Amino acid sequence: MSQSTYILAGVHTVCYHCGEDCDGGGLVFDQKPFCCSGCQTVYELLEQSGMDCYYDLNQKPGTSRKAKYREGKYNWLDDVESAKKLLQYSDEDITIAAFNIPAIHCSSCIYLLENLYKINPAIVRAQVNFLQKEARITFKNGQISLRQVVELIARIGYEPRLNMSDLEQPATSLSNQHYYLKIGVAFFCFGNIMLLSFPEYLGIDTLSEHPMRRFFGYANFLLALPVLFYSAREFFASAYVAIRHKSLNMDIPIVLGMVVMFIRSSYDIFMQQGAGYMDTLASLTLLMLIGRLFQNKTYATLSFERDYRSYFPVSVSKITGGTEQTIALSQIKVGDKIIVRNEELIPADSTLLNGVAMIDYSFVTGESKTVPVKSGDKIYAGGKQMGSAIKLELVNDVSHSYLTQLWNDDAFKNKSELSTSTLNTKVSRYFTPAVILISLISGLYWMQADSHKALNAFTAVLIITCPCALALSAPFTLGNVIRILGKHGIYLKNTFVIEKMAKIRTIVFDKTGTLTNNKSQNINYQGTPLTNREQIYVASLTHQSSHPLSKKISTYLHSKKIEEVTSFHEMQGKGIEGMIQNGFIRAGALDFAGGVGRPDLHDSNTSTVHISIDGLYKGYYEIRNDYRTGLGELIERLKNRFDLYVLSGDNNAEKKNLEKYIQADRLLFDQQPLDKLNFIKTMQDHGHNKVMMIGDGLNDAGALRQSDIGLVISEDTNNFSPACDGIVEAGKFIQIDSLINYSRSAMRIIKISYTLSLLYNIAGIYLAVQGTMSPIVAAILMPISSITIISFSTLASYILGRAHGFAQAQTR
Amino acid sequence: MMSVLYILIPACLCMSALFLAAFLWSVRSGQYEDDYTPAVRILFDNIEKPNSTNKTKADDSRKV
């Protein structure tokens, strides 16, 4: 085995395992560079197990191992009760467990996970589902425990996602399996009914009195039974729900048409009056099911229903007696004593018993500031401990803590998906009564004129107006729009979102993480290189000041030790100065720091802080504005069409910068999560009822929920996002206006399709009221109208998608 | 002559019903749930080292 050596600083290399920059101390092992010992260990392990083609399949396939997991983190998995939810199957010999692993991203991942048995022979088999980022692992009991399996895959960089909400309520199957089954049955019946109806289509009259015709009719009848009673079941269910709620939806006329079609056809077949409409029934059911399938686009790896439990750890370290014990979070109670370590989340409101607490509440408030807490003081849930381990005593349950109370608000209780204001339900409110009226009138008319035709005309109207084309236009248009947007990094929860989006009048933005970039890589230093000593000076000085630029530099240099600063002065508009040990240091404007000749950069997106030490000019920190690129243009495009507001959890330090974009009286600062929710509520109560909230974090969760549409901006869609209606990749934020425009166009497409299909219906009614509509006319007219509508809406949504900048070709 | 259809059509229906049953079975057993991984997995067989113990493919028990 080769020895590992350290990489010299300044040589630019990337890690062989994870592809991360090795700057600031990587190491070389086996002549390959690694960024940290974690990555090197994984490499070594794979090398020994003869699995080095992990690296051949893809370049740098690994995930960074810099953030190590704490020893004993998974001890709670030894507890049978809490681990139970992960198990799919278990007997004396083997156990099968399923894990959700967000890190799965390429074929190397599949290779590695499926060959786990080479690393540990106690693992019998592992199977990866790439699309759902899931691994099912079968292992031998007695040779390896569930905890050891989890530790093994976590060690090689595939830490499974284990959090409270996933374990408490096992994911409901989102799959479209039942649609495939129903479509399969419908297609089978449809094909065979068509085949048996062929003599009718060809008008072979010689058969008319032949017993063969009866035989074909009975066969058709039998084949139509599964279509009506199995495949079409959900249309009946949906119509039934609507009737029970005393409302009308599009499924009512559809079901009415289907039932009439079936009864009339059965009558025709058994009374030998004709061939019936069974072929039409089957083809319409098939098309409608395909429409439903198309509408139900789901993203297997995204969840739009997350609440605080997804963010919280599954287990905590509880102290009983003098010993520390890892237990599931759901089992802790008021009065329990727990230990919270560096970067861990406080799970419930508690008082600090001992230790130095520096709590970062950015998770709750959106404000990035660490708050020192004294022993005996209260710490609120959702805060993150920065620093050494602290000991806490719980004063509230997890579900009744300050942060989690937000979820007890009414906004989280009543948000029904059965929107009554969709275009579809609006149209059907007039459509259904109109159809019934026409059929009754024509029935009554023929009763007078020619009573033989009365029943014929009555049923024919109900059959021909079965609004399948009408009902198909929305699913196909909206389903297609969702798909196109999904390819461009905008993931919407369902098709209702598009409808609501088209009506938006007011847009409310969160600041941190939404208008601004969360990543703090926006600082770099230019000039004479600073020694470690000098960097400590800068860090200590800027730590004293609350100026936003100082804060940024201070965060940037957070790893440096902070020294005491004497004779500190802050000069308004110029800079800060102070003595640290024997050094005199100034930070601020160019002339303040004594630099000459170097002009200040007049770029609105960057600010500079110049540094001098002992009167000697050193250089400057260039701080790029965190606002997302293109924000100015986006606001410019939105400004005249929407009311724009900004809600920020931060203090108003950024007010000046934001005023460039949005009127000052529409900027609200120091907003707590509940304030944000209430702000949206007041807006809605005052008639601004179409409010879209765009946020990113848990602190926006209430507002996202209360608003008509809540969109979440996400840097990494593998991360959790709070419950929302749509997730937008950070890079696509500036396309928000195109998104709204596209939604409006989509609604226009649907309206045109409605007009088209109504025209078809009128033509059909014209034939039907005459009482002479033959089954073959229905069999041709109705599928043709449906197919025209489907092609029109699909094509139009592609073309308009392209026009709004969502071209088809791009993949994510 | 035509009466042969009385046998042929039910026979046809039965045969196609078999295919329908095969389709329904394949959906229910989850074969359509992941259409990506199997396509990748097949490529790994070529790079498999000879001493593999990959014999336990039979235990696909979906029940809990």
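Everything numeric here is computed off the predicted structure, so don't read it as measured data.

Bringing the overall build of chain A into the picture now. Summing up its helical and strand segments, chain A has 27 helices and 29 strands in all. Looking at chain A as a whole, 53% of its 812 residues qualify as buried. Pairs at least 24 apart in sequence give 67% of the contacts found in chain A among residues at least 6 apart. For chain A, the accessible area works out to roughly 36,300 Å², and carbon and sulfur atoms hold 55% of it.

Residues and elements named next belong to chain A. With 27 residues, helix α14 (residues 423-449) ought to run about 39 Å at 1.5 Å a step, and its terminal C-alpha atoms sit 39 Å apart, in line with that. The axis of α14 is deflected most strongly, by about 30 degrees, at Arg 429, and proline Pro 433 appears within four residues downstream. Those residues of α14 that fall on the buried side of the exposure criterion are Leu 423, Asn 424, Thr 425, Ser 428, Phe 431, Thr 432, Val 435, Ser 439, Ser 442, Gly 443 and Trp 446. As for α14, its buried residues are in contact with α11 (251-270), α15 (451-464), α16 (468-487), α17 (495-501) and α26 (736-769).

Residue and element names in this part refer to chain A. What the 6 strands build is an open sheet, ordered β9-β8-β10-β16-β11-β14; its pairing is antiparallel. In this open sheet, the two strands that pair with only one neighbour each are β9 (323-328) and β14 (378-379). In this structure, strand β8 (residues 315-320) lies alongside β9, joined through 6 bridges in antiparallel fashion. Of the residues in β9, the one forming a bridge with Ser 317 is Thr 326.

Glancing now at the packing of aromatic side chains. Considering all chains together, one arrives at 17 aromatic pairs over all chains under this definition. Seen from their ring centres, Tyr 180 of chain A and Tyr 32 of chain B are 6.4 Å apart, and the 40 degrees between their planes marks the pair as tilted. With one member in each of two chains, Tyr 180 of chain A in helix α8 (residues 177-201) and Tyr 32 of chain B in the loop between α1 (5-28) and α2 (37-44) form a pair that bridges those chains. With a relative accessible area of 33%, Tyr 180 of chain A lands in the partly exposed category. Residue Tyr 32 of chain B is classed as partly exposed on the basis of its relative accessible area of 46%. Where Phe 294 of chain A meets Phe 476 of chain A, the ring centres are 5.0 Å apart and the plane angle is 25 degrees; that geometry is what we call stacked. Of this pair, Phe 294 of chain A sits in helix α12 (residues 278-295) while Phe 476 of chain A sits in helix α16; the two residues are 182 residues apart in sequence, bridging distant segments of the chain. Under the relative-accessibility criterion, Phe 476 of chain A is labelled buried at 7%. Taken together, the ring pairs connect Tyr 218, Phe 221, Phe 229, Phe 262 and Phe 270 of chain A into an aromatic cluster. Stacked on the ring of Phe 294 of chain A, the Lys or Arg Arg 483 of chain A has its end atom at 4.2 Å from the ring centre.

Tallying the contact residues gives 40 residues for chain A and 35 residues for chain B. Both faces considered, chain A and chain B share a buried interface measuring about 3,200 Å² in area, 64% of it formed by carbon and sulfur atoms. Here chain A and chain B share 0 salt bridges between them. Joining chain A to chain B, the criterion identifies 3 residue pairs in polar contact (both at pLDDT 80 or more). Secondary structure elements with two or more residues in the side of chain A that touches chain B: β4 (87-90), β5 (94-100), α4 (107-114), α5 (116-119), β6 (123-129), β7 (134-140), α8 and α9 (211-231) of chain A. Top contributing element to the side of chain A that touches chain B by residue count: α8 of chain A, with 8 residues. When grouped by side-chain class, the residues that make up the side of chain A that touches chain B number 24 nonpolar, 11 polar and 5 charged.

Rules and cut-offs
Residues numbered from 1 in each chain as written. Chains lettered and ligands numbered in written order. Predicted model: local features only at pLDDT ≥ 70, side-chain atom pairs only at ≥ 80, totals over all residues. Heavy atoms only, no water. Helix = DSSP H or I, 4+ residues; strand = E, 2+ residues; numbered from the N terminus. Buried < 20%, exposed > 50% of the residue type's maximum accessible area, 1.4 Å probe, protein only. Contact = heavy atoms within 4.5 Å. Areas by Shrake-Rupley, 256 points an atom, 1.4 Å probe, with all protein chains shown as cover. Expected span 1.5 Å × (residues − 1). Bend = angle between axes of the 7 residues up to and from the residue. Pairing = 2+ DSSP bridges. Phe/Tyr/Trp six-rings, centres within 6.5 Å; stacked < 30°, edge-to-face > 60°. Lys NZ or Arg CZ within 6 Å of the ring centre and 35° of its normal. Buried area = accessible area lost by both parts, 1.4 Å probe. Salt bridge = Lys/Arg side-chain N within 4 Å of Asp/Glu carboxyl O. Polar contact = N/O pair within 3.5 Å; in protein donor to acceptor, adjacent residues only side chain to side chain. Nonpolar A, V, L, I, M, F, W, Y, C, P; charged D, E, K, R; others polar.

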